[in-house]
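Here is how the chains run, residue by residue.
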Amino acid sequence: MWVWVSAVKLVSCRRFIKDKLLIRSCSVSGLACLNPTCSNLEEEASHTHNKTHVSDAIRELDAVNVVEVLNNLKNVPSNAFSFYCQLEENGFCHNISTYAAMVRILCYARLQKRLNSILLKVIRKKNDYPGFKIMDLFEVVVQNESPDLVSRMSDAFMKAYASVAMFDEAVEILFLTKQYGFAPSIFSCNFLMNRLVECRKLDMAVAIYQNLKTLGLSPNDYSYVIAIKALCKMGDFEEALHVFQEIEEAGVTPCAFAYSTYIEGLCAHRQSDKASELVKEWVISKVPIVGYAFTVVIRGLCNEMKLKEAESVLLDMQKQGFTPDMYDYSALIRGYSKAGYLLEALALHEEMISKGIKTNCVIVSPILQGLCHKGMVFEAFEKFKEFEKFGIFLDEACYNVMLDALCKTGKVEYAVEFFSEMKVKQIAPDVINYTTLISGCCIQGKLFDALNLFREMKDNGHKPDIVTYNVLVGGLSRKGLMAETFNLLNYMEALGLKPSTTTHSMIIEGLCIGGKVEEAEAFFERLEEKHLENYAAMVNGYCEANHTSKAFELFIMLSKLGYIGSKASCYKLLRNLCLEGEDGKALLLLETMLSLNFNPNQILCSSIMGAFCRARYIEKAQSLFNMLVHRGLTPDVITYTMMINSYCRMNRLREANDLFSDMKKRGIRPDVITYTVLLGSCFELNPGGSHSVPHAEKTKVNRMRLSALETEMKDMDVQPDVICYTILIDKNYKTNNTQDATNLFEEMIDRGLEPDTVTFTALISGYLRNGDREGAVLAVNEMEMKGIQPDDCTVSVLQHGGILKARKVEFQH
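Procedures and definitions
Residues numbered from 1 in each chain as written. Predicted model: local features only at pLDDT ≥ 70, side-chain atom pairs only at ≥ 80, totals over all residues. Heavy atoms only, no water. Phe/Tyr/Trp six-rings, centres within 6.5 Å; stacked < 30°, edge-to-face > 60°. Lys NZ or Arg CZ within 6 Å of the ring centre and 35° of its normal. 1 Å grid on protein atoms, 1.4 Å probe; cavity = no way out; pocket = protein on both sides within 12 Å on 5 of 7 lines; lining within 4 Å. Points joined across faces, edges and corners; volume = space filled by probe spheres on them. Helix = DSSP H or I, 4+ residues; strand = E, 2+ residues; numbered from the N terminus. Nonpolar A, V, L, I, M, F, W, Y, C, P; charged D, E, K, R; others polar. Buried < 20%, exposed > 50% of the residue type's maximum accessible area, 1.4 Å probe, protein only. Expected span 1.5 Å × (residues − 1). pLDDT = per-residue confidence, 0-100. Contact = heavy atoms within 4.5 Å. Salt bridge = Lys/Arg side-chain N within 4 Å of Asp/Glu carboxyl O.

Caption draft 1: Just the packing of aromatic side chains, in detail. As enumerated under the stated definition, the model contains 22 aromatic pairs in all. Pairwise contacts between aromatic rings join F237, F244, Y259, Y262 and W282 into one cluster. Above the plane of the ring of F191 lies K159, whose end atom (NZ or CZ) is 5.8 Å from the centre.

Right, dumping it as structure tokens:
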């Protein structure tokens with residue numbers, strides 16, 4: 001209150017002089033407020049009485065008095081501001097003149113924060129001040145003021161508007177200043193442009209940049225950078241390059257940040273290759289770029305999964321004298337881990353540490369995640385412990401990677417131990433950690449443990465979120481515990497947590513898994529608003545409960561309405577139809593999916609074609625194959641091999657050869673299994689399709705075909721496996737290439753491949769076919785030495801060759 005008392009003494013206003021008692025009351029009140037020992041009831045009552053007098057007196061003041069006081073205090077702006085605030089606190093209603101006086105004082109004193117607080121109060125509560133508009137305040141403030149002050153005031157108003165994203169008003173102030181014949185500050189224009197870019201008002205930012213000269217301003221370094229950033233975010237890279245030309249024309253050397261901003265824009269639009277080439281060009285041209293430009297390119301290439309290119313940029317960066325930091329290595333490690341190239345990720349991590357760059361939990365987390373995604377949970381656990389030994393702090397996110405992996409692989413007991421270890425190390429589990437472990441317990445059917453964790457979570461002050469409740473609801477419903485499921489649902493709603501579409505879907509699917517299909521149907525029907533996800537859950541539920549026909553009917557009904565459900569539900573239904581031998585329905589389902597531009601993945605198509613091939617529905621398989629090719633979904637090597645094998649089994653070798661040729665034309669590299677299938681069919685081929693081809697001619701043709709395939713395998717560096725070697729040995733014996741067959745057997749041994757029963761049977765049969773009983777006996781001896789037991793086929797060959805009787809060899813079956 002001392003400021004109020006001082007202000008009162010300065011005013012030569014009749015109302016203040018006339019009421020000296022009031023001034024004394026104010027003084028007493030002020031002293032009372034400052035006296036912490038004022039505790040008895042009488043003093044407090046006196047204090048309250050005096051304070052009431054002050055408030056009444058303040059309400060009697062008019063704006064003229066207040067403006068006069070403020071002007072008298074302008075040389076002590078902090079006192080003026082306190083006086084202004086205390087008036088407001090005690091019920092005085094400021095008007096346009098008192099606001100204007102206070103704004104001028106703060107503007108002169110350059111007290112930006114206080115000025116901004118007053119302007120923001122007016123802007124945010126403009127409806128509370130019906131006596132004037134905010135633009136009116138600006139016009140009153142700038143009247144008869146110096147150019148410097150007008151510029152400062154316009155900057156303050158513009159920044160205040162920009163800070164609360166009222167950009168139209170900010171721009172109006174900008175051009176209003178110009179109308180008054182003054183130029184705003186370039187720094188304020190930069191602030192406004194930057195805020196526009198942050199709020200994605202890119203067109204407005206570019207428009208202001210283009211009008212800077214109209215406003216009488218010259219862009220500075222930062223203006224150019226903001227313009228480049230805005231244009232790059234818009235994807236207008238050509239116009240952004242024009243800004244660089246404008247910089248040169250202005251005789252200004254572009255700063256490194258301008259170049260980095262352009263590179264960042266290219267990478268954000270997935271043009272990292274172009275950004276990489278540009279950085280190389282700029283390095284050669286001696287353009288002033290910094291290491292950050294390389295970092296941006298590395299990060300961009302990694303986001304596009306162009307990892308080898310990103311690593312090449314890292315090497316270039318070092319050649320140019322820039323030292324990579326943790327962010328460069330982190331991007332590469334994350335990229336390689338995500339792609340499943342864990343050896344490369346670990347090698348980079350080792351390289352990073354060897355250079356003295358500190359690692360952290362953010363960098364090692366993707367490595368752990370990559371190992372877990374590959375099913376290498378034990379290796380991830382070992383690596384986790386290794387990171388701990390190195391002194392790396394592993395946070396809740398790292399622990400959650402391990403918890404999630406252990407739970408998904410059914411090792412919930414280990415996950416519980418891991419969770420306990422976390423708490424021992426004073427790492428407080430968060431909602432995600434608890435939810436992950438609760439989910440693991442629910443999947444294993446350990447609902448008692450899940451509910452205990454849920455209670456512990458709440459007792460420790462963690463508020464379960466919708467995901468936690470969804471997990472529990474799913475666990476209860478999968479056990480068929482309907483009452484408990486719906487009780488939890490009601491409890492959720494009582495807490496103000498509205499069940500989501502996912503909640504409903506988990507209940508539907510869970511009840512079906514729990515054998516409560518009718519209850520799931522009833523719950524589904526009761527839903528006021530049915531989402532596509534709910535229909536998909538019903539399809540999944542039917543599939544899980546082996547109600548495939550119902551699932552198919554629901555799918556067809558939805559497809560007629562233009563809905564198709566999720567990929568997961570379609571895949572599950574297709575698999576079920578194939579497993580149940582409903583090939584016609586499977587094909588219809590697939591055709592429906594394709595007609596609605598819902599392309600299945602290669603794995604699913606291969607499994608469907610596999611089902612057709614196994615059922616010897618080769619025409620249906622070929623129809624599906626052709627459909628995929630027509631849709632631009634090039635089949636992979638597995639699909640081609642499967643189709644080739646089916647044609648070979650049906651002795652339709654011409655079609656098999658046509659597919660093999662088509663496969664190579666499309667650039668799909670055949671693997672050892674493809675060649676094994678073709679080699680196995682060599683002796684089935686009849687030249688010209690005739691069944692009366694002489695044996696000698698047939699053998700000659702097959703020998704040529706066998707030789708061609710062997711040569712092709714060598715040219716393509718396709719290494720035979722045991723099965724392939726066995727077929728090659730057998731076919732060479734059948735074409736009288738005894739020496740080649742023997743050489744192949746020796747080559748197989750030299751490569752460290754162990755022959756099996758079938759291989760020895762083919763070898764023995766070949767020897768006997770060529771009258772080499774001694775070679776057959778040696779093969780039998782070697783077979784015995786290796787402990788390889790014969791099968792019925794081997795015994796039959798030995799009996800036919802008379803070896804069993806002659807040697808009196810006894811094989812145990």
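So much for the structure itself; the text now carries on.
Caption draft 2: Representation of empty space enclosed by the protein. Inspection of the entire model under this criterion finds 2 cavities of 30 Å³ or more. Taken as a whole, the largest cavity holds about 40 Å³ of empty space. Around the largest cavity, the lining residues are S276, V279, K280, F294, V297, V313 and D316. Elements with a minimum of two residues in the lining of the largest cavity: α17 (272-284), α18 (291-303) and α19 (307-319). Looking at the lining of the largest cavity residue by residue, the class counts come to 4 nonpolar, 1 polar and 2 charged.

Caption draft 3: Here's a closer look at unusual backbone geometry. The phi angle at N651 is positive, at roughly 60°, despite the residue not being glycine. Within the secondary structure, N651 is located in the loop between α38 (637-649) and α39 (653-665). Judged by its relative accessible area of 40%, N651 falls in the partly exposed class. In this structure, D717 is a non-glycine residue whose phi angle is positive, near 55°.

Caption draft 4: Focus on helix α7 (residues 96-109). A rise of 1.5 Å per residue sets the reference length of α7, with its 14 residues, at 20 Å; its end C-alpha atoms lie 20 Å apart and thus fit the reference within 8%. When we look at burial in α7, the residues that qualify are T98, Y99, A100, A101, M102, V103, I105, L106 and C107. Two residues or fewer after α7 comes R110, characterised by a positive phi angle close to 60°.

Caption draft 5: Examining the confidence of the model for the protein more closely. Of the residues in the protein, 85% have a pLDDT of 70 or more, and the chain-wide mean is 80. Within the model, the stretch residues 685-693 combines pLDDT values under 50 with 12 contacts to residues more than four positions away or in other chains. Overall, residues 808-813 carries pLDDT values under 50, and its contacts beyond four positions in sequence, including any with other chains, amount to 12 contacts.

Caption draft 6: Quick look at the pattern of salt bridges. Counting across every chain of the model gives 20 salt bridges. One salt bridge in this structure joins E198 and R195, with 3.3 Å as the shortest N-O distance. Linking E198 with R195, this pair stays in helix α12 (residues 186-198), spanning 3 residues, or about one helical turn. We classify R195 as buried; its relative accessible area is 18%. Linking R299 and E264 is a salt bridge whose minimum nitrogen-to-oxygen distance equals 3.7 Å. Of this pair, R299 sits in helix α18 while E264 sits in helix α16 (residues 256-268); the two residues are 35 residues apart in sequence, bridging distant segments of the chain. With a relative accessible area of 35%, R299 lands in the partly exposed category. Salt bridges here are not isolated pairs; linked through shared partners, they connect K385, E388, E421 and K425.

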